[in-house]
Amino acid sequence: LAPAFDAKKVQVVNVLLAHSGHNPSYLHFQKSSGWKEIQAYRNMRATLPTLIELPQIESEYVLAPLQHGRVFALDLGTSRDKKTEVVFARGASHVSVGADNFESSVIHDLLTSCDFLERALLNPLLDKKHPQSQVFMH
């Protein structure tokens, strides 16, 4: 398919695979990666990598996925100079927020982020490590 994509000047392809009775799988392919699947983006909705600013973080850190979902990502980032490790917890919410529910929405999202970080600590990649953590909410 690569020649057909190149002929039409396609840069990005997102594939949604439906699974009867289960959540769909999301796959991402980019011309810049030689049309190979970008494993770090697997199961993220098509717009999520951009919404959570993954390309900007990837320019400064090498990311190792800890857990990814449709609207969130937890990654262990190692700086390019290999001196710093950071657990990045990033997510996007599509919930409408107004003056009446702002505080409860922020508290809920922060608690959810803390739960994800706690779960990430069980990942073997973090065994005997104590990296700093950063939470980004959009």
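Draft legend 1. The arrangement of the environment of T50 in detail. Counting through the fold element by element, T50 comes out in helix 2 (residues 48–51). As a C-alpha pair, T50 and S104 span 54 residues in sequence and 26 Å in three-dimensional space.

Draft legend 2. Highlighting the environment of A40. Relative to the assigned elements, A40 resides in the loop between strand 2 (22–30) and helix 2. Residue contacts for A40: discarding those within four places in its chain leaves P65 and H68.

Draft legend 3. Focus on the nonpolar core. Of all hydrophobic cores here, the largest spans 14 residues; its most connected members are L54, Y61, L63 and F88. Secondary structure elements with two or more residues in this core: helix 3 (54–58), strand 3 (61–68) and strand 5 (85–91). Other than its neighbours up to four places away in sequence, L63 contacts L54, I57, E58, D75, L76, G77 and F88. In this structure, L66, F72, V87 and L126 belong to the second largest nonpolar core, which totals ten residues.

Draft legend 4. Up close: the side chain of S79. Here S79 shows up in strand 4 (residues 72–79). Residue classification places S79 among the buried positions, given a relative accessible area of 10%. A polar side-chain atom of S79 sits 2.5 Å from a polar atom in the side chain of D81. For S79, the contacting residues outside a window of four places in its chain are E60, Y61 and T84.

Conventions adopted
Residues numbered from 1 in each chain as written. Predicted model: local features only at pLDDT ≥ 70, side-chain atom pairs only at ≥ 80, totals over all residues. Heavy atoms only, no water. Helix = DSSP H or I, 4+ residues; strand = E, 2+ residues; numbered from the N terminus. Contact = heavy atoms within 4.5 Å. Core = buried A, V, L, I, M, F, W, Y, C linked by side-chain atoms within 4.5 Å. Buried < 20%, exposed > 50% of the residue type's maximum accessible area, 1.4 Å probe, protein only. Polar contact = N/O pair within 3.5 Å; in protein donor to acceptor, adjacent residues only side chain to side chain.

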